[in-house]
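Structural features, examined
Okay, here's what each chain looks like letter by letter:
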Amino acid sequence: MELESRVTVVEGEIFNDERGRISSLNNFHFEGVRRSYFITHPDVSVVRGWHGHQFERKWFYCVKGAFTLALVKVDNWETPSHDLPAEIYSLSERESRLVCVPGGYANCLKASEKGSVMIVLSDKILSEALEDSWRYDKNMWVDWSKY
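What this report covers is the structure whose coordinates are included nearby.

Procedures and definitions
Residues numbered from 1 in each chain as written. Predicted model: local features only at pLDDT ≥ 70, side-chain atom pairs only at ≥ 80, totals over all residues. Heavy atoms only, no water. Pairing = 2+ DSSP bridges. Helix = DSSP H or I, 4+ residues; strand = E, 2+ residues; numbered from the N terminus. Axes fitted to C-alpha atoms, helices over the stretch in contact; angles between N-to-C directions. Buried < 20%, exposed > 50% of the residue type's maximum accessible area, 1.4 Å probe, protein only. Polar contact = N/O pair within 3.5 Å; in protein donor to acceptor, adjacent residues only side chain to side chain. Contact = heavy atoms within 4.5 Å.

1. Observations concerning the sheet that holds strand S9 (residues 97-101)
Strand order in this open sheet of five strands is S1-S9-S6-S11-S4, and the pairing throughout is antiparallel. Every other strand in the sheet has two partners, leaving strand S1 (8-11) and strand S4 (35-41) as the edge strands with one partner each. On average, each strand axis in the sheet is tilted by 25° relative to the strand beside it, whichever way the strands run. Pairing of strand S6 (residues 58-64) with strand S11 (residues 116-122) involves six bridges; the strand directions are antiparallel. Considered in S11, the bridge of Cys62 is made with Met118.

2. Re the side chain of Ser24
Here Ser24 is to be found in strand S3 (residues 20-24). Given a relative accessible area of 11%, Ser24 falls into the buried group. At a separation of 2.4 Å, a polar atom in the side chain of Ser24 contacts the side chain of Glu13. Looking at Ser24, its side chain comes within polar contact range of the side chain of Asn26, at 3.3 Å. Not counting residues up to four positions away in its chain, the partners in contact with Ser24 are Gly12, Glu13, Phe15 and Ser96.

3. Let's talk about the sheet that holds strand S8 (residues 87-92)
Read from one edge to the other, the open sheet built from five strands follows the order S8-S7-S10-S5-S12, with strand pairing classed as antiparallel. Taken across any chain shown, the strands that pair with only one partner, and hence form the sheet edges, are S8 and strand S12 (134-135). Relative to strand S10 (residues 105-111), strand S5 (residues 47-53) runs antiparallel, the two being bridged by six bridges. Following the sheet pairing, Arg48 is matched in S10 by Leu109.

Structure follows, in structure tokens:
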């Protein structure tokens, strides 16, 4: 299995009828997923990140509300450049989109709506992820006052 080296987006589907709503990711195959967790942001002032992984792959999907997700390809894990460009993604429960992030990236996110919920999938169990964990100041690459 060849691993992606760049961020990709899987477009899902949303179906609505009188019975309710189905949000699906029929084009995503859960190969390699070993762990999942939910992130809940109670308000829109919380900025979570930056958190990077050299080797861990992650997938981000908004379950409720909306988020701004920022990603940076880290050039040096000990002392990353302060001018690295961020890739910005808007994720919302109104669109079924999964952002697939390979190893080598740092992520940071902020809710756009109060009470938003994000599910994160990982290809590492928690003990492995903790050995590949890099944290940086939340204001390092993005001016979050714009989001």
